[in-house]
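Letter by letter, the chains look like this.
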Amino acid sequence: MSQKTTNLIHSVPVDELTGSISVPIYQTATYVQEAPGVNKGFDYGRSNNPTRLALENIVAKLEDGYAAYAFATGLAAIDAVLKTLKTGDEIVAVDDIYGGAYRLFTHIYEKFGITIHYVDTTDAENIKRYINEKTKLVWLETPTNPTLKISDIKAIAKTAHAANALVVVDNTFASPVAQQPLKLGADIVIHSGTKYLGGHSDLVAGLVVVSTPELAEQIKFIQNASGGILGPQDCWLTIRGIETVTLRVERQCKTALRVAEFLQACDEVGQVYYPGLASHKNHELAQQQQNGLFGGVVSFTLKDDTEEAANAFVTSTQYFKLAESLGGVKSLVCHPAQMTHKSIPHEKRLRSGIADSLIRLSCGIEEAEDLIADIKQAFEKIKKLEPVEVFN
Ligand SMILES: *Cc1c(COP(=O)(O)O)cnc(C)c1O
């Protein structure tokens with residue numbers, strides 16, 4: 001683990017011109033040329049920027065990829081990958097995909113004649129039923145949001161490659177500290193840099209990491225042609241965040257496991273979703289696939305499975321701030337049914353395990369005991385406010 005952090009820190013380059021130990025922010029739109037077409041490798045701010053290049057090289061190393069490209073947001077990164085497709089192509093995607101990706105797929109790309117099949121990818125066999133000669137991408141998230149389902153990247157990559165489809169893994173929830181999908185056979189990795197990579201809830205960013213020169217050429221072309229790049233200030237801020245990603249994520253994962261174990265023993269709690277618990281359906285797979293790190297997000301339902309009870313809880317915590325997003329140093333709490341997953345119809349939500357009372361916690365870097373104490377006091381407060389009768 002320490003070797004990894006050493007490599008990571010030293011993949012952040014020292015500036016050759018001045019010795020600046022921090023990557024300079026090149027806040028420029030254009031670059032002066034010696035003669036038409038004769039330049040120092042940079043010609044226009046959309047096409048290339050040294051601060052962005054530094055970030056892209058760091059992320060490529062972090063994911064053990066061939067190259068990486070930085071975009072304005074995670075969704076802009078997803079959009080760039082979708083633009084490699086053409087009318088008639090098909091995608092097989094994880095059924096409880098990130099809501100923003102679902103919206104982009106169905107409300108924008110289906111319009112252009114791209115078909116998306118949503119499948120329960122926790123069983124790799126399910127994919128075989130939907131894969132055909134038109135399938136270009138198999139789209140995974142593992143763990144998923146918010147019920148933290150795990151899919152077998154290695155097994156799915158075998159199936160996809162046999163059908164000449166590429167495997168895309170949105171690795172936002174695991175982070176490269178816990179999981180490196182390209183090593184498991186995936187072809188493209190996506191990050192919302194807004195979450196663990198940035199790590200401080202102070203920026204939005206997206207990254208695409210690719211495994212081959214051919215894919216690099218395609219994504220680089222799309223990045224320049226469509227222009228959804230990350231600006232130099234935010235590239236710098238993302239680099240600054242990445243320097244501590246291993247420290248933060250290791251701690252967040254440890255804390256999340258303790259929080260999950262605590263929740264499991266609480267009378268107020270219905271079901272706890274966390275891949276680090278032995279009770280999780282794919283615990284063994286998560287153990288192998290995620291270097292024994294199960295992520296900083298824990299979800300749970302209340303025995304009083306109502307929106308009101310969830311509301312009372314999420315407005316009673318003090319360290320866990322009520323907000324969308326995850327992965328930052330400050331802990332966050334969210335009620336998916338009313339926030340991140342509000343646009344999904346109630347029935348469909350329930351079917352994918354998003355109960356009315358489901359609560360999602362993103363553990364930050366506070367002391368685990370303090371976070372547990374916060375949860376305890378929130379349960380106490382709810383009890384005092386409105387005693388609920390629990391029927392089993
Ligand atoms: C947040 C998130 C995204 C979208 O990223 P933005 O930076 O908000 O555009 C994509 N995938 C997952 C899994 C996410 O959590």
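Here the residue numbers are simple positions, counted from 1 along each chain's written sequence. Totals for whole chains, interfaces and linings use every residue, but because this is a predicted model, local features are given only for residues with pLDDT of at least 70 and side-chain atom pairs only at 80 or more, for both listing and counting. Excluded from the side-chain calculation are hydrogens and water; included are all heavy atoms of the structure.

## A word on helix H2 (residues 50-62)
Residue pairs spaced three or four apart in an α-helix point in one direction, given the helix's 3.6 residues per turn.
Okay, so step 1: A rise of 1.5 Å per residue sets the reference length of H2, with its 13 residues, at 18 Å; its end C-alpha atoms lie 18 Å apart and thus fit the reference within 8%.
Okay, so step 2: Only protein chains enter the accessibility calculation, which uses a 1.4 Å probe; a residue whose area is less than 20% of its type maximum is buried, one above 50% is exposed, and one in between is partly exposed. Secondary structure counts use DSSP, requiring at least four H or I residues in a row for a helix and at least two E residues in a row for a strand, with both numbered from the N terminus. Most of H2 sits inside the fold, with ten of its 13 residues counted as buried.
Okay, so step 3: Taken as a whole, H2 has its buried residues at Pro-50, Thr-51, Arg-52, Ala-54, Leu-55, Glu-56, Ile-58, Val-59, Ala-60 and Leu-62.
Okay, so step 4: Looking at where H2 begins, the residue whose side-chain oxygen comes 2.8 Å from the main-chain nitrogen of Thr-51 is Asn-49. One less than the number of residues in a helix, times 1.5 Å, gives the span that helix is expected to have. Pairs of N or O atoms within 3.5 Å make up the polar contacts considered here, provided that, within protein, one atom can donate a hydrogen while the other can accept it, and that residues adjacent in sequence are counted only when both atoms are side-chain atoms.

## Some points on the packing of aromatic side chains
Okay, so step 1: A pair of Phe, Tyr and Trp rings is counted when the ring centres sit within 6.5 Å of each other, with Trp represented by its six-membered ring. The angle between the planes then sorts it: under 30 degrees is stacked, over 60 is edge-to-face, the rest tilted. If you walk through the whole model with that rule in mind, you get seven aromatic pairs.
Okay, so step 2: The interplanar angle of 35° and the centroid separation of 5.6 Å between the aromatic rings of Tyr-31 and Phe-42 together place this pair among those described as tilted. Of the two residues, Tyr-31 is situated in the loop between helix H1 (2-10) and H2 and Phe-42 in the loop between H1 and H2; the sequence distance between them amounts to eleven residues. By the burial criterion, Tyr-31 is buried, and Phe-42 matches it.
Okay, so step 3: Ring pairs connect the aromatic residues Phe-300, Phe-313 and Phe-379, which therefore count as one cluster.
Okay, so step 4: For Lys-348, the ring lying beneath its charged end belongs to Tyr-102, and the centroid distance is 4.8 Å. As a reminder, the over-ring test applies to NZ of lysine and CZ of arginine, requiring each to be within 6 Å of the ring centre and within 35 degrees of the ring normal.

## Points about the site of the ligand
Okay, so step 1: Any residue with a non-hydrogen atom lying within 4 Å of a molecule or strand is treated as near it. For the ligand, the full set of nearby residues is Thr-73, Gly-74, Leu-75, Ile-78, Tyr-98, Asp-170, Thr-172, Phe-173, Ser-192, Thr-194, Lys-195 and Ala-205.
Okay, so step 2: A distance of 2.8 Å is found between an oxygen atom of the ligand and a backbone nitrogen or oxygen belonging to Gly-74.
Okay, so step 3: Separating an oxygen atom of the ligand from a side-chain N or O atom of Thr-194 is a distance of 2.6 Å.
Okay, so step 4: Surface exposure here means Shrake-Rupley accessible area, sampled with a 1.4 Å probe, where a residue is shielded only by the protein chains that are shown. Burial of the ligand by the protein amounts to 92% of the accessible area it has alone, namely 380 Å².
Okay, so step 5: A total of three residues in the shell around the ligand trace back to one element, the largest contributor, which is helix H3 (residues 74-82).

## Here's the deal with the pairing of strand E6 (residues 188-192)
Okay, so step 1: In terms of residue burial, E6 counts as a mostly covered element, since five of its five residues are buried.
Okay, so step 2: Where burial is concerned, the two faces of E6 agree: the one with Ile-188, Ile-190 and Ser-192 and the one with Val-189 and His-191 are both buried.
Okay, so step 3: In this description, strands pair whenever DSSP reports at least two bridges between them. In this sheet, E6 lies alongside strand E5 (residues 166-170) in parallel orientation, the contact comprising three bridges. Looking across to E6, one finds that Val-169 is bridged to Val-189.
Okay, so step 4: Here E6 runs beside strand E7 (residues 206-210); their pairing, made up of five bridges, is antiparallel. If you follow Ser-192 over to E7, its bridge partner there is Gly-206.

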